[in-house]
Amino acid sequence: MGRRLSTHREGPVRGPDLLSRFLADRQARRQEHLLLSRLVVPVEPGPAVPLAHAPEAAAALVEALGEAARLPGLLPLRDLLGMIGAHEWRRKGVDVPALGARLHPRYGVFAPVRGEHVDLVAEAARRWPVAGKQALDVGTGTGVLAFVLARAGASVTATDVSPAALASAAEDAARLGLTGRVVPVLADLFPERSFDLVVCNPPWLPAEAVTPLDRAIYDPGGAFLARFLAGLRAHLSPGGEGWLVLSDLAERIGLRRPGEVESLIAEAGLVVAGGFEAVPTHPRARDAEDPLHEARSREVTSFRRLVSAS
């Protein structure tokens, strides 16, 4: 059904400019999500899906829903398929070359399938050693950046508002032998203390999220980025620094004004003390059929080293 909806939209997702194409595509995806969410399947105690040819879903359901999975009820087919897919990610793991290891994210936690931001932080930790530092990873998700910093010798507090993300990060920290060097903490951005180093790879597109998982990519109104920069200086120890990793796709589409990030940095009493860039290597950057190919093929992910202006 999803494929049919994608191929039977009213004309291709095109427009006079990239922003129009982006907004049309998001609207189509929102409608597709709402429609497909109305198609539900039964779940029986076990748990099991009592339909002919239904896949074995017990492990996926329990991983995603806990003991609630064993209750009878109805579940959107889209959610069920997402849970099964997440179970496969979790079982097989996601390769992270910068770590030389695989991560096993839980359902509802965005997998680090794009490696540019991880590689940038790993390179930064080589240029500006972090050994012995007290570090904070804001919006840790799977914990991948926290693991890079911990492997480089930092003691890392990893914050997130998602209990699933924190549980996933704790599990992979244990697998990597980093329990104690990475401490997951439930917090909205910053805990009540200061750090030698604060790292953040915020959602990079200031637009509405369609699904909960979209929140790893979409930052409505750019609020997350603005709040992070506004609060960063107050959470830096004397001589501390912040590392911001951010794609410029929003500027290329027209979702963010050129120079807006620089203005937010200056308003927060910060200056850029160094940085470098990476180009995308993911498949969508090479997909000429993508309505945003013009922007994706030129996208640049920047690493900015931020320090107090005075």
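Our subject is the structure that appears above.
A short tour of the structure in this document, coming up. For every chain, the first residue of the written sequence is number 1, and numbering continues from 1 along that sequence. This being a predicted model, a pLDDT of at least 70 is required before a residue's local features are given, and a value of 80 or more before pairs of side-chain atoms are given or counted; all residues contribute to the totals for chains, interfaces and linings. Each side-chain value is derived from all of the structure's non-hydrogen atoms; neither hydrogens nor water enter the calculation.

**Regarding the side chain of R305**
Part 1 of the argument: Residue position: R305 is located in strand β11 (residues 301–308).
Part 2 of the argument: Here E241 takes part through its side chain, which lies 2.8 Å from a polar atom of the side chain of R305.
Part 3 of the argument: Should any heavy atoms of two residues lie within 4.5 Å, those residues are considered in contact. Leaving out residues up to four positions away in the same chain, R305 has contacts with W128, E241, G242, W243, V271, V272, A273 and G274. In this description a helix means any DSSP run of H or I spanning at least four residues, a strand means any run of E spanning at least two, and both kinds are numbered starting from the N terminus. N or O atoms within 3.5 Å of each other form a polar contact, as long as, within protein, one can give a hydrogen and the other can take it, and as long as residues adjacent in sequence are counted only when both atoms are side-chain atoms.

**With respect to the pairing of strand β8 (residues 195–200)**
Part 1 of the argument: When a residue's accessible area, from a 1.4 Å probe over protein chains only, is under 20% of the maximum for its type it is buried; when over 50% it is exposed; and in between it is partly exposed. β8 sits mainly inside the fold: 5 of its 6 residues count as buried.
Part 2 of the argument: Following DSSP output, two strands are said to pair if at least two bridges run between them. Inspection of the sheet shows β8 paired to strand β9 (residues 236–247) by 5 bridges, in the parallel sense. In the strand pairing of β9, V198 is matched with G242.

**Observations concerning the sheet that holds strand β7 (residues 182–186)**
Part 1 of the argument: Pairing within the open sheet is mixed, and its 7 strands lie in the order β7-β6-β5-β8-β9-β11-β10. Here the strands that pair on one side only, and so sit at the sheet edges, are β7 and β10 (270–278). Put simply, the sheet's adjacent strands are angled 20° from each other on average, direction ignored.
Part 2 of the argument: Only the contacting stretch of a helix is used when fitting its axis, a line to C-alpha atoms as for every element, and angles between N-to-C directions run 0 to 180 degrees. The sheet strands contacting helix α6 (residues 144–151) are β5 (134–138), β6 (155–160), β7, β8 and β9, and the helix crosses β6 at an angle near 175°.
Part 3 of the argument: Against the sheet, helix α7 (residues 163–175) touches β6 and β7, its axis set at about 170° to β7.

**Regarding the side chain of H87**
Part 1 of the argument: For H87, the position within the fold is in helix α4 (residues 77–92).
Part 2 of the argument: Taking the relative accessible area as the measure of exposure, H87 reaches 17% and is therefore buried.
Part 3 of the argument: At a separation of 3.1 Å, a polar atom in the side chain of H87 contacts the side chain of E63.
Part 4 of the argument: Not counting the four nearest positions on each side in its chain, H87 is found in contact with A59, A60 and E63.

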